[in-house]
Structure formats: C-alpha cells, structure tokens
Amino acid sequence: MKVLVPVKRVIDANVKIRVKADQTGVETANVKMAMNPFCEIAVEEAVRMKEAGTASEVVIVSAGAAQAQETIRTGLAMGADRGVLIQSEAALEPLAVAKLLKAVVEKEGADLVLMGKQAIDGDNNQTGQMLAALLGWPQGTFISKLEKNDSGIKVTREVDGGLEILDLKMPAVLTVDLRLNEPRYASLPNIMKAKKKTIDTFSPEDLGVDVSPRLETIKVVAPPPRKAGVMVDSVAALVDKLRNEAKVI
Amino acid sequence: MSLDRETFEQLLDTVRRFVAERLVPREAEVAEADRIPDDLLDEMRALGLFGLSIPEDYGGIGLDVEEEVRVAFELGRTSPAFRSAFGTNNGIGSQGIVIDGTEDQKRRYLPKLASGATIGSFALTEPDYGSDAASIQTSARRDGNLYVLNGTKRFITNAPSADLFTVMARTGAKDSGAGGITAFLVEADTPGLSLGKPDAKMGQQGARISDVIFEDCRVPEDAIIGGVEGQGFKTAMKVLDRGRLTISGTCIGVAERLIRDSLRYASERKQFGKPIGSFQLIQAMLADCETECAAAKALVLDAARRKDAGEPITKLGAMCKYYASEMVGRVADRAVQIHGGAGYLTAFGIERFYRDVRLFRIYEGTSQIQQLIIAREMLKEFRQ
Ligand SMILES: Cc1cc2nc3c(=O)[nH]c(=O)nc-3n(C[C@H](O)[C@H](O)[C@H](O)COP(=O)(O)OP(=O)(O)OC[C@H]3O[C@@H](n4cnc5c(N)ncnc54)[C@H](O)[C@@H]3O)c2cc1C
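Residues numbered from 1 in each chain as written. Chains lettered and ligands numbered in written order. Predicted model: local features only at pLDDT ≥ 70, side-chain atom pairs only at ≥ 80, totals over all residues.

Q: Go over the overall build of chain B with me, naming the residues and quoting the values.
A: A tally of regular secondary structure across chain B gives 13 helices and nine strands. Compactness check: chain B gives a C-alpha radius of gyration of 21 Å against a globular reference of 21 Å for 384 residues, within 12% of the reference. In terms of overall dimensions, chain B has a C-alpha envelope of 80 × 55 × 45 Å along the principal axes. Counting over 384 residues, chain B shows a buried share of 48%. Of the contacts formed within chain B by residues at least 6 apart in sequence, a portion of 76% connects residues at least 24 apart. (Helix = DSSP H or I, 4+ residues; strand = E, 2+ residues; numbered from the N terminus. Rg over C-alpha atoms; globule rule 2.2 N^0.38 Å. Buried ≥ 20, exposed ≤ 12 C-beta atoms within 10 Å, placed from the backbone. Contact = placed C-beta atoms within 7 Å.)

And the structure:
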C-alpha cells in the first residue's frame, strides 16, 4: 500500500503572529517556519504503518514556495521514503491545493492519503474533503484511531457528540486529529540521511492545474487586545455584573 | 562546517525542541532522585545524542567542533546533569579512541559508544594527583603479553554506569613523568576492576561519579590506545583540549537559560509598585550577564572555527574554559540575587543551577590550571 502524506509549511506554532502594517496578511519575513502540527501527526502515522509493514512506501508531498522543501525533509527525516514538491510562489487556496494533490495521487497511484485535518495558519479545514470529492474516494475526517483490515480501513472519528466509527473502502482520504498519536523527534542520524532521499519537483503547469485565486482577501486585522479584568468583592456584585452588564444570565 | 546549513539547522532545532519539551520539565525530578530515568536515557539514545562527535564512519554524527559547540549551547539550556549522561561518550570517554586509537579499536568500540549501548568514562585523576596529572601513580606492569594495573582513580564521571574506561597508568618508572604514562582501554567487567560507592556532591545530581579501583587488573597489550607505550599523557591532553570547548559551550547555554529566567522574573515581580526590572541596579546585573555571556560566546565560536581550520588552540581553548566557566558562575550568582528569596528556594530551580555550575570551574582543569596554560603559551609565543 502506497501512502501519500501532504504537508504544509506554516509559521511555527510557538511564534507570536504579527499582522502586516498594510493589513494584507501576516508577517512571514524572518519568521520561524515549521511543519503544520496536524501534518506531523499524519507523517507519524504513515511512518508507523510503514514500520508495521502495512504501508510499502510513504511519499511526502507539499505545495508551496521553494522552501517547502525543508518541510518535506522534516518528513523524510521522520522516516518517509521520498518527496514531491509542487513549487508555486503564488498563494494557494484549498481548492487549488486539492486539485494539485489529486494530480499527484493519480501520478503516484497512491492507495491512501493521510493528511492533517487543517493547517494552523488558515484554519480552513477544507483541503482533505475537497480532495476526496475530486477523487471520488471515501473520506474519514478528524480521525483519532486507524486500523487496517482485510476489506479496507476502520477509523474512529472525533465528532461533537463523541466518537464515530467508520469502515471505509480503499482507496481513501483520511484527515487526522490531535489525539491520533504523538509524533516522534526525527533522530539526528536520520536528519542527515534525509539529505540523500529524493525530492521530485513539479510546477502547477506540469500537472495541468490552474491555481489562479478564486477568493479575495479584503483585509487582515489583529484581534482586539484583551482588556484587564476587574476584581469584584462579593458574589452579589458578580451576579449583578453578569446580569446587567454582560447580560449573560 | 561539515553539514550544509539547512540540515544543521534542522538538527539544532530538533535538539532545541527535545531540551525544551522533554528535559526541562524533568529537571526537578532528576535532581531529587539523583538519577536520570531509563525512559529518558532511551530517548536520548534514539535521538542520537551519544554519537554527536563520533565520526559517521563509526556510526556517529561526526559534528565538527563549531557544530558541537552550537549543539552544546542548546544542551546547556537545561540541567547539566542531562548532558553528563552522554557527555563522556561524546567527549573524554571516546575521544582518546577517535584521536589516537588504532583502526581495530575504533571498529570495536566507537559504534557502540555512538549508539549509547556502551558508556565510556575517562580515568585520569587520583586521590593524590589532580591538577598535577603528569605525576599519577596507578601502575601498569608488563607481564608477558599482558599489563597488570594497580591503583585508584578518583572522581570518575559516569563510572557507576560505565562499560569502558580510558585509563591513564604508568608503564615507566615512578619518576618517569608525563612520558611514562600510557592510556589503556579497560572494559568494566575485567577481573580486578571495582568501583567505590557513588560520591555525594554539591550539585549536578543525576550525574554520578565514583572511585575506580584496580587490583591486579590484567589487560591485553592491544588495550593500549594507539598500541604504543608512553603516549598516554599526550592523548589525555588532546582529549581535554577539545573537551574545553564543549564545556565552554555548555556554560554559555546555562548562562543564556539563567538570563532568560532572570528577565522573566524581573519583568513579572513587582516591588514599590513597579517591575523590579525597571530598577537600574537590577538592570546593571542583567546588562553584565548579557555582555559577559556574549563575549564568552564570541570567544568560543572563534576558537571552534580555528580548531576546525586546523590551527592549534591550546591557549584559546584554555581561555574559553577559564572565561566561560567563571562567567556562568557570576551569571548564576546574579540570577539568585535577581530572584531574591525565590532564588534561594529549591522550588524555583535557580539555586540548583547555582550549585550545578560551580563544577565547571573545577573539572577538566581548574581555573588556576587554565591560567597557567594561558600564561605558559603566551610566554612561549613571546620567546619565539
Ligand atoms: C564532579 C566531578 C567530576 C569529575 N570527573 C572526572 C573524570 O571523569 N575523570 C577524571 O579523570 N577526573 C575527573 N574529575 C577530577 C577533576 O578533574 C579534578 O578534581 C581537578 O582536576 C582538580 O584536581 P583536584 O581535585 O585534585 O584538586 P587539586 O589539584 O588538589 O587543586 C586544589 C586547588 O589548588 C589549585 N592548584 C593546584 N595546582 C596549582 C598550581 N600549580 N598553581 C595554582 N593553583 C593550583 C587548584 O586550582 C585548586 O584550586 C572530576 C571532579 C569532579 C568534582
């Protein structure tokens, strides 16, 4: 079984985000970047499948600027076999990424796509679903457990009301949630070995995909700063404020 | 640099994350138990931390000196006891073999040292000979094609967990000085080798030391590092030469950690209605810490680059060890002061660092010995 893991390069989760002065987006110059944490979980799961013998090959794919190669290398250092970079300096919307991924899935003949449920930059939570629709494959989203069986794959989904268990036929698209696993640290020797693994590069044109934007960002603003709280001196005062000021009770 | 920038940055980033996420949260636990738990040692092995300085051909990562020092900056940001667990395998416990060992010795020991399957330890100091290491009296008497070792080594880091000792012993006459010393590789299970009880000490709980005692301990002649008698003191000095830079790197990492902790405290703690960081006397302490730490860092990076370029760095290495270890002592002292009463309490961990860093001015050559080396080299240069 060949597993494809799409990964996204995003601003490191520990960095404090700053909005650009002209309100066109967030500051990314000289900001530390890293693999999207949900993608990391997907890579970990794919590598575990490889180690368990259920996956024969794990291919990391990323769509983005040339530096996305570093993010692919992170996945290779964690244990994936090779990488595919779809290089595009233009900003890519979820639909464009889904179309690009579809082209790679078909080119590679992948049996399973394991990806993050969303990226922590745009928080769109769309690409996996769009990809499944474009491919006409079954999808399991927000999964916290995964088991390969003879007929296909059994997944546990984290839904609002609790857990939902699905049996999916293969091939399928799965998007992973936080509790699926705890990603490993790439070992230092594997970081060095990752250098020698291959990364093939394509352009959107090579894949015959039109990535021109369909959305327009009007402006980006920082959330209002939190105001300092007030200490109330009695329960009665608290209830009064909740009722008459905040109007929540 | 032996690695390309991107790969090295990724490696450094992984170490940084490992330190922050896995080691920092367990500092107090390790100090209390005086032991590094097995699960953490396993994680360190899996990450590859035991083979940082061992060449790739022998299963390590083969960092050059600058890279090793930059990794030491990161590892310094937590209790030095953690680094000590794999410190001897990267430093004094393996470098004798790396620098002067025979091909056979390298193949036999380095891969296991690099993976952490074997723990290496370095036994030079004796009860009567510390700074005056050229006078050690542990003897190695030739008996056919064996050598018989007798004597006691003191303060030996990681001896309680070691599988392999690099032992400096005298093959020459009692008064043969440095030239009569030979370095042996002695496996811990060799009959005649025993250990003292681990010594209780001021700081760095979790890093353990003990005496190593040799009573008619017989080793084969191919246990001599490099196969030639009388080279042991030179080997030991080369090992310590490189080690001075990594210890200095660790001192800088600890100083940076303490400066951050102090900055945070100075920003949060209020007295007289203002954060204490707004008082100029506190600011002076912060400024001194930052300046001295940056000076030490620049010195160590310069020395490391020169060493990688093949320049002799005996004087510079001693300057690094001297300045960086004294610097972190001053920084730790100021960190306690900035934290006030909290700095003195165990719960805040600052006093632990204060005790931990005291060792850096003592082992692998005291500050006084470094001063002597620096001045000796200066006078030598002046005469030339
Ligand atoms: C925790 C710990 C771990 C250690 N690990 C190891 C290890 O793994 N392997 C190993 O071999 N050793 C190890 N050591 C030993 C360490 O290297 C020695 O303690 C150190 O070299 C000093 O020797 P000493 O303790 O005998 O002090 P001494 O040499 O007796 O020195 C006492 C004082 O006299 C000063 N002094 C000595 N000679 C002179 C001089 N000529 N001029 C001016 N001042 C002088 C010293 O600077 C010091 O202040 C360790 C020590 C400790 C405490």
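Q: Any chance you could break down the domain arrangement of chain B for me, citing the residues and the numbers?
A: Residues and elements named next belong to chain B. Taken domain by domain, chain B consists of domain 1 (5-115), domain 2 (120-230) and domain 3 (234-383). A C-alpha centroid distance of 30 Å is found between domain 2 and domain 3. Between domain 2 and domain 3, the contact holds eight residues from the first and nine residues from the second. Its residues assigned to classes, the side of domain 2 that touches domain 3 shows five nonpolar, three polar and no charged. (Domains from an automatic or database assignment. Nonpolar A, V, L, I, M, F, W, Y, C, P; charged D, E, K, R; others polar.)

Q: Any chance you could break down the site of the ligand for me, citing the residues and the numbers?
A: Residues and elements named next belong to chain B. Taken together, the neighbourhood of the ligand is formed by 20 residues, with Gly 130, Ser 131, Thr 157, Thr 366 and Gln 368 sitting nearest. Elements with a contribution of two residues or more to the shell around the ligand: strand 1 (120-123), strand 3 (146-157) and helix 13 (367-383). Partitioning the shell around the ligand into residue classes produces eleven nonpolar, seven polar and two charged. Inspection of the shell around the ligand shows a minimum of three residues originating in each of domain 2 (120-230) and domain 3 (234-383). (Near = placed C-beta within 6 Å.)

Q: Got a sec to walk through the pairing of strand 4 (residues 164-170) of chain B? Specific residues and values, please.
A: All names here are of chain B. Counting buried residues along strand 4, seven of its seven residues qualify, which places the element largely inside the surrounding structure. Along strand 4, one buried face is formed by Leu 164, Thr 166, Met 168 and Arg 170 and the opposite face, lined by Phe 165, Val 167 and Ala 169, is buried too. Alignment of strand 1 against strand 4, held across four bridges, turns out to be parallel. Directly across from Gly 120, in strand 4, lies its bridge partner Leu 164. Alignment of strand 4 against strand 5 (residues 181-187), held across seven bridges, turns out to be antiparallel. In the strand pairing of strand 5, Met 168 is matched with Ala 183. (Pairing = 2+ DSSP bridges.)

Q: Explain the nonpolar core residue by residue, including any values.
A: With 167 residues, the main nonpolar core has A:Val5 and B:Phe184 as its most contacted residues. The leading source of residues in this core is helix 10 (residues 314-339) of chain B, at 13 residues. (Core = buried A, V, L, I, M, F, W, Y, C linked by C-beta atoms within 7 Å.)

Q: Got a sec to walk through the sheet that holds strand 10 (residues 172-176) of chain A? Specific residues and values, please.
A: Residue and element names in this part refer to chain A. In space, the nine strands of this open sheet follow the order 9-8-7-10-6-1-4-5-11, with mixed pairing throughout. Among the strands making up the open sheet, the edge pair consists of strand 9 (162-169) and strand 11 (199-202). Between one strand axis and the next, the sheet turns by 35 degrees as a mean value, whatever way the strands run. Of the pairings in the sheet, the one linking strand 8 (residues 152-159) to strand 9 comprises eight bridges and is antiparallel in character. The partner of Gly 152 across the bridge, within strand 9, is Lys 169. (Axes fitted to C-alpha atoms, helices over the stretch in contact; angles between N-to-C directions.)

Q: Describe in detail the environment of B:Ala207, supporting the description with residues and values.
A: All names here are of chain B. Within the secondary structure, Ala 207 sits in the loop between strand 6 (193-195) and strand 7 (209-220). Residues Ala 207 and Tyr 129, 78 residues apart in the sequence, show an inter-C-alpha distance of 22 Å. Ala 207 has contacts with Ala 81, Ser 84 and Thr 157, leaving out every residue within four places of it along the chain.

Q: How would you summarise the packing of helix 4 (residues 65-75) of chain B against helix 8 (residues 232-268) of chain B if you had to cite specific residues and measurements?
A: Residue and element names in this part refer to chain B. Relative orientation of the contacting elements helix 4 and helix 8 amounts to 35 degrees, with a least axis distance of 6 Å. Every pair of crossing elements has a handedness; the one defined by helix 4 and helix 8 is right-handed. Across the interface between the two elements, Val 65, Glu 68, Val 69, Ala 72, Phe 73, Glu 74 and Leu 75 of helix 4 pack against Arg 242, Leu 245, Thr 246, Gly 249, Thr 250, Ile 252 and Gly 253 of helix 8. (Left-handed = near helix turned anticlockwise from the far one by under 90°.)

Q: Quick rundown of the environment of B:Ala46? Include the residues and the values.
A: Checked against the element boundaries, B:Ala46 lands in helix 3 (residues 38-47). Linking B:Ala46 and B:Asp13, residues 33 residues apart in sequence, is a C-alpha distance of 16 Å.

Q: Outline the interface of chain A and chain B, supporting the account with residue identities and numerical values.
A: Tallying the contact residues gives twelve residues for chain A and eleven residues for chain B. Among the secondary structure elements, those contributing two or more residues to the side of chain A that touches chain B are helix 2 (68-78) and helix 5 (188-194) of chain A. Here the residues of the side of chain A that touches chain B sort into seven nonpolar, two polar and three charged.

Q: Before we move on, can you summarise helix 6 (residues 235-245) of chain A with the specific residues and values?
A: Counted residue by residue, helix 6 of chain A has zero buried out of eleven residues, so it is predominantly exposed. Just downstream of helix 6 of chain A, A:Lys247 is the residue with a positive phi angle, here 55 degrees.

Q: So what about the pairing of strand 3 of chain B? Which residues, and what values?
A: Residues and elements named next belong to chain B. As judged from the five bridges shared by strand 2 (residues 139-143) and strand 3, these two strands associate in the antiparallel manner. When the sheet's bridge partners are listed, Asp 143 is paired in strand 3 with Leu 146. Linking strand 2 back to strand 3 in an antiparallel pair, the connection comprises two residues, with Gly 144 at a positive phi of about 65 degrees. The pairing of strand 3 with strand 7 spans nine bridges and is classified as antiparallel. Bridging from a neighbouring strand, Thr 157 pairs with Ile 209 of strand 7.

Q: Can you break down unusual backbone geometry residue by residue, with the values?
A: Residues and elements named next belong to chain A. Pro 171 follows Met 170 through a cis peptide bond whose omega is -5 degrees. If you trace the backbone, Pro 171 turns up in the loop between strand 9 and strand 10. With phi around 55 degrees, Phe 142 is a residue other than glycine that occupies positive phi space. Mapped onto the elements, Phe 142 comes out in strand 7 (residues 139-148). Judged by C-beta crowding, with 21 C-beta atoms within 10 Å, Phe 142 ranks as buried.

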